[in-house]
Amino acid sequence: MNDLNPYASPPPIEESPGQLMHRDTRVARGLLHRTITFAEPFQAQLDYDGKYFRQRVYVGQICVWHRISWLRIHPRIDFVWPAEVAGTAKPGRIEMKFNHLLQIVRFTVYCDGVVIYDEHKGMLTTA
């Protein structure tokens, strides 16, 4: 006879620590805000600002994504890295997880499907 309870909660999944992919990356953190300065794979500054019911992503001085967030904060942002920064336009993505106080507990940045920055609960580790 099957002893498994179909309504039981699944076992907890351990999350991996964040990874700072390049040593020259600098970060400024705040409530619903990140500024990340990349030295590799290209030189660029990425700004995420989610304050005042608006979410915006800037690469340098170029706004690459924005939304009005009256009802929910978008945890996944798809944008395009500008050709002025990356050499050619490349797909980019930001994935975020928040706690109940709207603090960012995970912030991951992708370029062309590759993780170039990963922060987990404010901890960074060098790859």
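The structure this text deals with has already been given above.
Within every chain, residues take consecutive numbers counted from 1 along the sequence as written. Since the coordinates come from a predicted model, pLDDT governs what is reported: local features require at least 70, and pairs of side-chain atoms require 80 or more to be given and counted, while whole-chain, interface and lining totals use all residues. Values shown for side chains rest on all heavy atoms present in the structure; no hydrogens or waters enter the calculation.

Q: So what's going on with the nonpolar core? Residues and values would help.
A: Among buried residues, the Ala, Val, Leu, Ile, Met, Phe, Trp, Tyr and Cys ones that are joined through side-chain atoms within 4.5 Å form a nonpolar core. Residue burial is assigned from relative accessible area. The probe radius is 1.4 Å, only protein chains are included, and a residue is buried under 20% of its type maximum, exposed over 50%, and partly exposed in between. Core analysis: the largest hydrophobic core is formed by 22 residues, its most contacted members being Leu 46, Phe 79, Trp 81, Ile 94, Phe 107 and Val 109. Helix and strand definitions here come from DSSP, where helices need a minimum of 4 consecutive H or I residues and strands a minimum of 2 consecutive E residues; each element is numbered from the N-terminal end. Secondary-structure elements contributing two or more residues to this core are β2 (33–38), β3 (44–49), β4 (54–59), β5 (62–68), β6 (76–81), β7 (90–98), β8 (104–111) and β9 (114–120). Take this core: its biggest share by element is four residues, from β8. Not counting the four nearest positions on each side in its chain, Ile 94 is found in contact with Leu 46, Val 57, Pro 75, Arg 76, Ile 77, Phe 79, Phe 107, Thr 108 and Val 109. What makes two residues a contact is simply this: any of their non-hydrogen atoms within 4.5 Å.

Q: Describe the environment of Ile 94, with residues and values.
A: With respect to the helices and strands, the residue Ile 94 is situated in strand β7. On the accessibility criterion, Ile 94 (0% relative accessible area) is buried. Each C-alpha atom, one on Ile 94 and one on His 74, is 10.0 Å from the other, the two residues being 20 residues apart in sequence.

Q: Before we move on, can you summarise the side chain of Gln 55 with the specific residues and values?
A: Here Gln 55 lies in strand β4. The buried category is assigned to Gln 55, whose relative accessible area is 1%. Between N or O atoms, a polar contact is any pair within 3.5 Å; within protein, one atom must be a potential hydrogen donor and the other a potential acceptor, and residues adjacent in sequence are included only when both atoms are from side chains. Polar contacts involving the side chain of Gln 55 include one to the side chain of Tyr 48, which spans 2.8 Å. Polar side-chain contacts of Gln 55 include one of 2.8 Å to the side chain of Ser 69.

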